[in-house]
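In case you want the letters, here they are:
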Amino acid sequence: QVQLIESGGGSVQAGGSLRLSCAASGRTSSSYVMGWFRQAPGKEREFVAEISVSGGRTYYRDAVKGRFTISRDNAKNTVYLQMNSLKAEDTAVYYCAADRTSRLTMSPVYWGQGTQVTVSS
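Let me begin by describing the structure that accompanies this report. (Residues numbered from 1 in each chain as written. Predicted model: local features only at pLDDT ≥ 70, side-chain atom pairs only at ≥ 80, totals over all residues. Heavy atoms only, no water.)

**So, the environment of alanine 92**
Following the sequence through the fold, alanine 92 ends up in strand β9 (residues 92–99). Distance from alanine 92 to glutamine 116, taken between C-alpha atoms, is 6.1 Å for residues 24 residues apart in sequence. In this view, alanine 92 contacts Arg38, Gln39, Ala40, Thr115, Gln116 and Val117; residues no more than four positions away in its chain are not counted. (Helix = DSSP H or I, 4+ residues; strand = E, 2+ residues; numbered from the N terminus. Contact = heavy atoms within 4.5 Å.)

Shown next, in the form of structure tokens:
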């Protein structure tokens, strides 16, 4: 069993930055592929970024490439999402996710509770 706890959300003006953190519990949590999804009001949840177990491979949705960076610290069982040059359309609840598959699907086994990110223009 893995529990994911997000932090770091908040309100920021367009062009600003935020860093989300996701702390994972469980001795084997460092062996999970981890990532971030988001869901804006009235929209479906969408994939944002993913990082492999070793941290050597990362994937991003096109809309955030060059602005967001995902990283992980396996010694701390934590994954991060550094978000720069934020836009109003990045406003959403951001969810951390983890799974033992080689790549995340839209239905990973473990989800965090979500953290709100609000970007004002």
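**Some points on the packing of aromatic side chains**
Within this structure, the stated rule accounts for 4 aromatic pairs. Seen in terms of ring centroids, tyrosine 32 and tyrosine 110 are 5.7 Å apart; in terms of plane orientation they differ by 65 degrees. Their pairing is edge-to-face. Residue tyrosine 32 is found in the loop between β3 (18–24) and β4 (33–39), and its partner tyrosine 110 is found in strand β10 (residues 110–111); the two are separated by 78 residues along the sequence. Exposure class is identical for tyrosine 32 and tyrosine 110. Each is buried. Taken together, a centroid distance of 5.0 Å and an interplanar angle of 65 degrees make the contact between phenylalanine 37 and tryptophan 111 edge-to-face. (Phe/Tyr/Trp six-rings, centres within 6.5 Å; stacked < 30°, edge-to-face > 60°. Buried < 20%, exposed > 50% of the residue type's maximum accessible area, 1.4 Å probe, protein only.)

**Quick word on unusual backbone geometry**
In this structure, asparagine 77 takes a positive phi of about 50 degrees despite not being glycine. Tracing the chain through its elements places asparagine 77 in the loop between β7 (68–73) and β8 (78–83). The phi angle at serine 85 is positive, at roughly 50 degrees, despite the residue not being glycine. By the secondary structure assignment, serine 85 is in the loop between β8 and β9.

**Quick look at the state of the cysteines**
This structure, assessed with the given rule, holds 1 disulfide. A sulfur-sulfur distance of 2.1 Å marks the disulfide that ties cysteine 22 to cysteine 96. Handedness here is read from the sign of the S-S torsion; for cysteine 22 and cysteine 96, about -85 degrees, the answer is left-handed. With cysteine 22 in strand β3 and cysteine 96 in strand β9, this residue pair connects regions lying 74 residues apart in the sequence. No difference in accessibility class separates cysteine 22 from cysteine 96, as the two residues are buried. (Disulfide = S-S within 2.5 Å.)

**As for the sheet that holds β8**
The strand order across the open sheet formed by 4 strands is β1-β3-β8-β7, and the pairing between neighbours is antiparallel. The sheet is open, and its two borders are formed by β1 (4–7) and β7, each paired with just one other strand. Across the sheet, the mean angle separating the axes of adjacent strands is 15 degrees when strand polarity is ignored. Pairing analysis gives 6 bridges linking β3 to β8, with the strands arranged antiparallel. Paired with cysteine 22 across the strands is valine 79, a residue of β8. (Pairing = 2+ DSSP bridges. Axes fitted to C-alpha atoms, helices over the stretch in contact; angles between N-to-C directions.)

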